[in-house]
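Architecture and fold: a report
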Amino acid sequence: MADSFSKKENFKKKQQKLKEKAMRREERKENNDKGKSLNEMFMYVDANGQLTSTPPDQAEREEIDINNIQLGAAPIEAEETVKTGIVTFLSEKGYGFITEDKTKENIFFHNNNCIDQIKKGNKVSFEKEKSPKGFSATEIRLVK
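- Per an unreviewed UniProt entry, the protein goes by Cold shock domain-containing protein and derives from Chryseobacterium gambrini.

Printed below as a string of structure tokens:
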């Protein structure tokens, strides 16, 4: 059975669109300039830290010792273990809070961790340790 006139026209249109698409693809390939001007995009850093397109002079270059370059985050310095603070709250039930001198942070303590007898307002030294509910004070001593 022969194709109708409209089927032939639709087939011709599809073929024409495919040819146009192939022509556009070839045109894009010819006009593509990606990676061709790599030297134009190369930048340098001058002595002031500004980006420039001109390379620095050999006389201006500063030698850098590779061993002095620090990779990653800064090392964490160890905290001092014994801290000082003031007892700001003391309950009859045997617990209280110490306000740390440096950070002004309230730290929980229990009378079982006290070496000396303490009262509200006393200056104390203690060790801070992580507990399941936050930080708590241990080894609590009066400071004289």
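What to know about unusual backbone geometry
- One non-glycine residue, lysine 104, lies in positive phi territory at about 60 degrees.
- In this fold, lysine 104 is placed in the loop between β4 (95-100) and β5 (106-110).

What about the environment of glutamate 129?
- Following the sequence through the fold, glutamate 129 ends up in strand β6 (residues 123-131).
- Take glutamate 129: its relative accessible area is 40%, and that puts it in the partly exposed class.
- The contact partners of glutamate 129, leaving out residues within four places of it in the chain, are Gly134, Phe135, Ser136 and Thr138.

A closer look at the nonpolar core
- Counting residues in each nonpolar core, the largest one holds ten residues, listed as Val87, Ile98, Ile107, Phe109, Cys114, Ile118, Val124, Phe126, Ala137 and Ile140.
- At the level of secondary structure, the elements contributing two or more residues to this core comprise β5, β6 and β7 (134-142).
- Excluding anything up to four places from it in sequence, phenylalanine 109 contacts Val87, Phe89, Leu90, Tyr95, Gly96, Phe97, Ile98, Cys114, Ile118, Ala137 and Ile140.

Considerations on a nonpolar patch on the surface
- A cluster of nonpolar side chains, contributed by Ile64, Ile66, Ile69 and Leu71, occupies part of the molecular surface with about 500 Å² of accessible area.
- Note that leucine 71 resides in the loop between β2 (51-52) and β3 (82-90).

Some details on helix α1 (residues 5-31)
- Look at α1: 39 Å from first C-alpha to last across 27 residues, which is about the 39 Å you get at 1.5 Å a residue.
- Sparse coverage of α1 is indicated by the burial of zero of its 27 residues.

Section: the packing of aromatic side chains
- Under the defined criterion, the tally for this structure stands at four aromatic pairs.
- A centroid spacing of 6.2 Å and a plane angle of 50 degrees characterise the contact between phenylalanine 89 and tyrosine 95, whose relative ring orientation is tilted.
- Taking relative accessible area as the criterion, phenylalanine 89 reaches 37% and is therefore assigned partly exposed.
- On the accessibility criterion, tyrosine 95 (29% relative accessible area) is partly exposed.
- Each member of the aromatic cluster is reached from another via a ring pair, and the members are Phe89, Tyr95, Phe97 and Phe108.
- When the ring centre of phenylalanine 135 is taken as origin, the NZ or CZ atom of lysine 128, which lies over that ring, is 4.5 Å away.

What counts as what
- Here the residue index of a chain counts from 1 through its sequence in written order.
- Only residues with pLDDT of 70 or above have their local features reported here, since the model is predicted, and side-chain atom pairs are shown and tallied only from 80 upward, although totals for entire chains, interfaces and linings are computed over all residues.
- Note: side-chain values were computed over all heavy atoms of the structure, leaving out hydrogens and water.
- A run of H or I in DSSP counts as a helix once it spans at least four residues, and a run of E counts as a strand once it spans at least two, with each numbered from the N terminus.
- Relative accessibility decides the category of a residue: with a 1.4 Å probe and only protein chains considered, values under 20% of the type maximum give buried, values over 50% give exposed, and everything between is partly exposed.
- Any pair of residues with heavy atoms lying within 4.5 Å of one another is described as a contacting pair.
- Here, nonpolar core means buried Ala, Val, Leu, Ile, Met, Phe, Trp, Tyr and Cys residues that are tied together by side-chain atoms lying within 4.5 Å of each other.
- For patch building, the residue pool is restricted to those with more than 30% relative accessible area and no salt bridge; the joining distance is 9 Å between like charges and 5 Å between nonpolar side chains (Val, Leu, Ile, Met, Phe, Trp, Tyr).
- With residues, only the protein chains shown are counted as cover, and all accessible areas are computed by Shrake-Rupley using a 1.4 Å probe.
- What counts as a salt bridge is simple: a side-chain nitrogen of Lys or Arg found within 4 Å of a carboxyl oxygen of Asp or Glu.
- The span one expects for a helix is its residue count, reduced by one, times 1.5 Å.
- Put simply, two rings from Phe, Tyr or Trp (the six-membered ring, in Trp's case) pair if the centres are within 6.5 Å, and we call them stacked under 30 degrees between planes, edge-to-face over 60, tilted for the rest.
- Counting as a charge over the ring demands two things of the Lys NZ or Arg CZ atom: a distance within 6 Å of the ring centre and an angle within 35 degrees of the ring normal.

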